[in-house]
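# Structural features, examined
If you want the building blocks of each chain, they are given just below.
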Amino acid sequence: MTRHFLRDDDITPAEQAEILDLAVSLKADRWSQQPLEGPQTVAVIFDKSSTRTRVSFAVGIADLGGSPLIISTANSQLGGKETPADTARVLERQVAAIVWRTYAQAGLEEMAAGTRVPVVNALSDDFHPCQLLADLLTIKEHKGELAGLTLSFFGDGQSNMAHSYALAGAMAGMHVRVASPVDYAPREDIVADADRIAAATGGSITLMTDVNEAAAGADIIVTDTWVSMGKEEEKLARLRDLGAYKVTQELMSLADGEAIFIHCLPADRGYEVDADVIDGPQSVIWDEAENRLHAQKALLVWLLAKQGEAA
């Protein structure tokens with residue numbers, strides 16, 4: 001059976017740990033694995049603009065001996081006439097894997113259901129699982145063992161990042177706090193999934209509205225942009241509703257003295273986070289950005305190995 005990575009819990013906690021360990025190894029020896037030697041091609045499809053995702057996948061595929069085929073849906077049939085399932089059936093005969101940065105999760109699910117090659121969610125409206133692998137790798141580098149750490153997310157709890165933190169954090173055995181207004185709380189079904197996972201790993205997911213309580217003693221402080229792509233018309237309302245959830249030096253001071261700050265970028269300095277935090281000594285955002293490369297390479301190596309087992 002072909003393995004896909006469409007949401008954070010498409011892998012098990014043990015498999016997540018395996019991929020992160022592989023990422024550590026690949027970061028230490030960047031060209032040690034060449035599963036795409038040939039070169040084989042990986043299709044990397046973009047519905048949305050991108051810097052980190054585009055660069056990290058293109059470079060990573062090349063590092064693995066392959067050739068990245070960057071496709072814009074605006075210039076392909078997928079952007080109009082052709083269904084994701086039909087596009088997948090065309091691509092699978094020519095590429096080793098498909099990576100898609102898109103809007104609706106349903107499109108990714110349709111594509112994965114119709115293809116024999118791995119499909120990777122490079123971002124959707126609901127989840128950002130590749131980012132979470134990079135974030136967990138960064139936390140592992142700076143804090144060591146993931147299990148038992150407390151990660152506090154501030155802002156839009158309905159965002160793809162908050163959903164992925166809930167799932168991936170629970171899988172790693174972490175205690176995830178999501179601080180947001182009640183009307184911005186994460187989806188109930190995702191919280192239920194995170195609770196189920198946490199019951200097996202020793203982690204937890206807690207929804208909060210009090211920012212001071214959420215920050216108290218946390219090992220990792222996290223936020224994300226308040227205005228995601230496709231929601232620009234909501235900017236004024238979001239600034240009003242989420243203003244109290246900005247990450248400031250005062251908020252950071254409530255966390256553990258060795259706490260780190262992460263942000264998947266791009267950041268709106270002065271909005272969801274103050275510049276002196278993002279540029280401060282507790283910020284590890286540049287390590288985090290680099291780790292997209294290593295984590296995604298590990299994911300591709302792992303998925304391609306599973307593909308080989310399935311064959």
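Refer to the structure printed above.
So, a few notes on the structure that sits alongside this text.

Parameters at a glance
- Residues numbered from 1 in each chain as written.
- Predicted model: local features only at pLDDT ≥ 70, side-chain atom pairs only at ≥ 80, totals over all residues.
- Heavy atoms only, no water.
- Helix = DSSP H or I, 4+ residues; strand = E, 2+ residues; numbered from the N terminus.
- Rg over C-alpha atoms; globule rule 2.2 N^0.38 Å.
- Buried < 20%, exposed > 50% of the residue type's maximum accessible area, 1.4 Å probe, protein only.
- Contact = heavy atoms within 4.5 Å.
- Areas by Shrake-Rupley, 256 points an atom, 1.4 Å probe, with all protein chains shown as cover.
- Phe/Tyr/Trp six-rings, centres within 6.5 Å; stacked < 30°, edge-to-face > 60°.
- Lys NZ or Arg CZ within 6 Å of the ring centre and 35° of its normal.
- Arc of directions from axis to C-beta.
- Pairing = 2+ DSSP bridges.
- Right-handed = clockwise from strand over helix to strand, strands pointing away.
- Axes fitted to C-alpha atoms, helices over the stretch in contact; angles between N-to-C directions.
- Parallel < 35°, antiparallel > 145°, perpendicular 65-115°, else oblique.
- Left-handed = near helix turned anticlockwise from the far one by under 90°.

Take the overall build of the protein chain next. A tally of helices and strands in the protein chain yields 12 helices and nine strands. The globule rule puts the C-alpha radius of gyration for 311 residues at 19 Å, and the 19 Å found for the protein chain is close to it. Its C-alpha atoms give the protein chain principal-axis dimensions of roughly 55 × 40 × 35 Å. Among the 311 residues that make up the protein chain, the fraction classed as buried is 55%. Across the protein chain, contacts joining residues at least 24 apart in sequence account for 76% of those joining residues at least 6 apart. Summing over all exposed atoms, the protein chain offers an accessible surface of approximately 12600 Å²; the carbon and sulfur share of this is 50%.

Following the criterion strictly, the structure yields one aromatic pair and no others. For the pair Phe153 and Tyr165, a centre-to-centre distance of 5.9 Å together with 45° between the ring planes defines the contact as tilted. With Phe153 in strand S5 (residues 150–154) and Tyr165 in helix H6 (residues 160–171), this residue pair connects regions lying 12 residues apart in the sequence. Among the residues examined, Phe153 registers a relative accessible area of 1% and is labelled buried. Accessibility expressed as a relative area gives 2% for Tyr165, which makes it buried. Positioned over the ring face of Phe46 is Arg54, at 4.2 Å from the centre of the ring. Sitting above the plane of the Tyr271 ring, Lys235 keeps its charged end 5.0 Å from the centroid.

What follows deals with helix H3 (residues 84–91). Residue pairs three or four apart in sequence face the same way in an α-helix, which turns once every 3.6 residues. What H3 keeps buried is the set Pro84, Ala85, Thr87, Ala88 and Leu91. On an axial view of H3, the arc spanned by its buried residues comes to 160°, and they lie on one face. In this structure, the buried side of H3 is in contact with strand S1 (41–46), strand S3 (97–101) and helix H4 (105–113).

Another aspect to go through is the pairing of S3. Counting buried positions along S3 gives five out of five residues, so the element sits mostly inside the fold. Neither face of S3 is exposed, since Ala97, Val99 and Arg101 on one face and Ile98 and Trp100 on the opposite face are all buried. As judged from the five bridges shared by S1 and S3, these two strands associate in the parallel manner. For Val42, the partnering residue across the bridge sits in S3 and is Ala97. Read from S3 through H4 to strand S4 (residues 119–123), the crossover connection turns out right-handed.

Another aspect to go through is unusual backbone geometry. Peptide bonds are trans in most cases, and residues, glycine excluded, mostly fall at negative phi. For the bond running from Gly38 to Pro39, omega is 0°, close enough to zero to count as cis. On the secondary structure map, Pro39 appears in the loop between helix H1 (13–28) and S1. Cis geometry is adopted by the peptide bond preceding Pro266, which originates at Leu265 and carries an omega value of 0°. Locating Pro266 in the fold gives a position in the loop between strand S9 (260–263) and helix H11 (275–278). If you check the backbone angles, Leu123 has positive phi at about 150° while not being a glycine. With respect to the helices and strands, the residue Leu123 is situated in strand S4. Using a relative accessible area of 8% as the deciding quantity, one classes Leu123 as buried.

Another aspect to go through is the packing of H1 against helix H5 (residues 129–143). It is at 10 Å that the axes of H1 and H5 come closest, and there the two elements cross at 70°. Classified by the interaxial angle, the pair formed by H1 and H5 is roughly perpendicular. As H1 packs across H5, the resulting crossing turns out to be right-handed. Contact with H1, carried on its side by Gln16, Ile19, Leu20, Asp21, Ala23, Val24 and Lys27, involves Leu133, Leu136, Leu137, Lys140 and Glu141 of H5 and no other residues of that element.

This paragraph deals with the pairing of S9. Here S9 shows a buried face lined by Ile260 and Ile262 and a second buried face lined by Phe261 and His263. By the bridge criterion, four bridges tie strand S8 (residues 220–223) to S9 in an arrangement that is parallel. In the strand pairing of S9, Ile221 is matched with Phe261.

What follows covers the side chain of Gln16. Mapped onto the elements of the fold, Gln16 is located in helix H1. By relative accessible area, which is 4% here, Gln16 ends up buried. Leave out the neighbours within four places in its chain, and Gln16 touches Ile11, Leu136, Ala168, Met171 and Ala172.

A separate point is the packing of H6 against helix H7 (residues 188–201). Contact geometry of H6 with H7 gives a least axis separation of 8 Å together with a crossing angle of 15°. By the angle between their directions, the pair H6 and H7 is classed as roughly parallel. Seen from above, H6 lies across H7 with left-handed handedness. On the side of H6, the interface is formed by His163, Ala166, Leu167, Ala170 and Met171, while H7 contributes Ile190, Asp193, Ala194, Ile197, Ala198 and Thr201.

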